[in-house]
Amino acid sequence: MATEGGGKEMNEIKTQFTTREGLYKLLPHSEYSRPNRVPFNSQGSNPVRVSFVNLNDQSGNGDRLCFNVGRELYFYIYKGVRKAADLSKPIDKRIYKGTQPTCHDFNHLTATAESVSLLVGFSAGQVQLIDPIKKETSKLFNEERLIDKSRVTCVKWVPGSESLFLVAHASGNMYLYNVEHTCGTTAPHYQLLKQGESFAVHTCKSKSTRNPLLKWTVGEGALNEFAFSPDGKFLACVSQDGFLRVFNFDSVELHGTMKSYFGGLLCVCWSPDGKYIVTGGEDDLVTVWSFVDCRVIARGHGHKSWVSVVAFDPYTTSVEESDPMEFSGSDEDFQDLLHFGRDRANSTQSRLSKRNSAESRPVSVTYRFGSVGQDTQLCLWDLTEDILFPHQPLSRARTHTNVMNATSPPAGSTGNSVTTPGNSAPPPLPRSNSLPHSTVSSAGSKSSVADGAIASGVSKFATLSLHDRKDRHHEKDHKRNHSMGHISSKSSDKLNLVTKTKTDPAKTLGTPLCPRMEDVPLLEPLICKKIAHERLTVLIFLEDCLVTACQEGFICTWGRPGKVGLLSSQNQASSPGGTVV
């Protein structure tokens, strides 16, 4: 399914591919690169990254893109599927000496046609704030490298803030900065604010407020990437130690963890509704983790090497509601987002969702996400109901929801789950037989009432086939559960048993932290295509297209179905999206 043909065809670079919503086509005229179009010699260089911002100007052409190639940083008008790229006129170009840009992020909140705030992280540890429109270099943070000397791996503005930003380093530390504050002339002194399982957060101790405001130490080894949830309340981090850790950002509480099958985790993203997190890494897999249940619900195998980027496609992710009353009022933003996605995406995407009758389930969802890797391949994946709600008898679906709704809100620390529609979709049944034993195994620890309720709900509704399949592992699971504690619980005293001994992978394999391959569904990619000569480092889903980039410094635009003809006909008057209703 993942590959077609053999021999020579396998090495051919694809310029188009078809999914059930139609044909995606590479637009050669929309390729961005360095002005000379010469492939960049990428040996030993930092990954090429791309950032987008929309300036909301009146011209209807407000998209801008920034990308780094080697020591260079470029800022262009992005014309997408409408007009050919003009590489001779970058709005801004910078060449750095002694250090290389590694990552960047625009502040979408403050961007205007006259000014835009761009953060750039560097290989030597500094972070620069620049305005590529005004051509100003506003500030340099960690200039003397007194805060951290290691490479910046990820930098992002805190959602909803005009001045706060978060920076992750290869040291495994993250720092919260305020653009208004200085970094001081001496190394910062820290005071412990909060400590938990495999993480600690310190505040900066000084007479006057200075950067960094907070220092997070997370896991072991480099912190490779982090991503804020759609509502900005939660933070997902992936590290070289192979762990995904999800924090409540404001209360600095650990919400849940997951361990890779092996090796480091390199990338992470959230579903548009905040219900699921997808990671990719050195095990060549994509892993889907449920935010509500704090467990792995699926893995995807299509890549032949490390997975460098994962991203959800909000325009092809579809939701069908059969009973709007099932939703709570707290998720208006999620509804707006998905209505927007549904209206703008190609109309054929409605076929992606299974229309269920009102008697069965309140919501029918198909999530689309993509991944690119060092194997130069692009994979697209659909996360469908049979994976999200495995083995669920239709007649019991509503009863099951009520059992789960009787428990306390899953987010525990705040009582608010991420913009997950108020427990409207029945949580999937855990696929591990060890979960119903949680009431036994956590008898001596601070087990919440919810744990017990969920456990009884699960044992009550788990289908026969699930138990049958697991019978042969029953004794082993039971013993392991006693020694490990109930891992998916958020009590740190239980989790301490797991990671104090540098987390021996053999001890986590087969637990809820890292289920065995046969214990969770294995997804196959919808498409898996070789699209570049060099390893891929970028995947971004936009309304009319998707954007990929490889280490040679070529940023490619793939027109979505129904959007491709706009450029070839050179119809400049056409509307930006060529809206398909």
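As the structure is a computational prediction, the values presented were derived from the model and not from experiment.

Focus on the packing of aromatic side chains
Under the defined criterion, the tally for this structure stands at 26 aromatic pairs. Measuring from ring centre to ring centre gives 5.8 Å for Tyr 32 and Tyr 76, while their planes differ by 65°; the resulting arrangement is edge-to-face. You can see Tyr 32 sitting in the loop between strand 2 (22–26) and strand 3 (50–54) and its partner Tyr 76 sitting in strand 5 (residues 72–77), a full 44 residues away along the chain. In this structure Tyr 76 comes out as buried when scored by relative accessible area, which is 1%. A centroid spacing of 6.1 Å and a plane angle of 85° characterise the contact between Phe 226 and Phe 228, whose relative ring orientation is edge-to-face. For Phe 226, a relative accessible area of 0% corresponds to the buried category.

Some points on the pattern of salt bridges
Scanning the model with the defined rule gives twelve salt bridges in all. Note that Lys 563 and Asp 544 form a salt bridge whose closest N and O atoms lie 3.6 Å from each other. Placement of Lys 563 in the loop between strand 33 (555–559) and helix 11 (565–568) and of Asp 544 in the loop between strand 31 (536–541) and strand 32 (545–550) is noted, with a sequence separation of 19 residues between them. Taken as a pair, Lys 563 and Asp 544 share a single burial class, namely buried. Where salt bridges share partners, they join Arg 20, Glu 21, Arg 368 and Asp 382 into one cluster.

Topic: the sheet that holds strand 8 (residues 118–122)
Here four strands make up an open sheet; going across it, the order is 7-8-9-10 and the pairing antiparallel. Sheet topology places strand 7 (101–106) and strand 10 (136–141) at the edges, where each strand pairs with a single neighbour. If you compare each strand with its neighbour and ignore which way they point, the axes differ by 20° on average.

Comments concerning the UniProt feature "repeat: WD" (unreviewed entry) in the protein
Per the UniProt annotation, the sites labelled "repeat: WD" (unreviewed entry) are residues 258–290. A distance of 10 Å separates the end C-alpha atoms of residues 258–290, which is 0% helix and 61% strand.

Regarding the sheet that holds strand 5
Strand order in the open sheet made by the four strands is 3-4-5-6, with antiparallel pairing throughout. At either margin of the open sheet sits one strand with a lone partner, and together these are strand 3 and strand 6 (92–95). Going across the sheet, the axis of each strand differs from the next one's by a mean of 15°, ignoring polarity. Note that strand 3 and strand 4 (residues 63–69) share five bridges and pair antiparallel. Paired with Asn 54 across the bridge in strand 4 is Asp 63.

Here is what the cut-offs are and how they apply
- Residues numbered from 1 in each chain as written.
- Predicted model: local features only at pLDDT ≥ 70, side-chain atom pairs only at ≥ 80, totals over all residues.
- Heavy atoms only, no water.
- Phe/Tyr/Trp six-rings, centres within 6.5 Å; stacked < 30°, edge-to-face > 60°.
- Helix = DSSP H or I, 4+ residues; strand = E, 2+ residues; numbered from the N terminus.
- Buried < 20%, exposed > 50% of the residue type's maximum accessible area, 1.4 Å probe, protein only.
- Salt bridge = Lys/Arg side-chain N within 4 Å of Asp/Glu carboxyl O.
- Pairing = 2+ DSSP bridges.
- Axes fitted to C-alpha atoms, helices over the stretch in contact; angles between N-to-C directions.
- UniProt positions renumbered as here; feature names shortened; annotations may be inferred.

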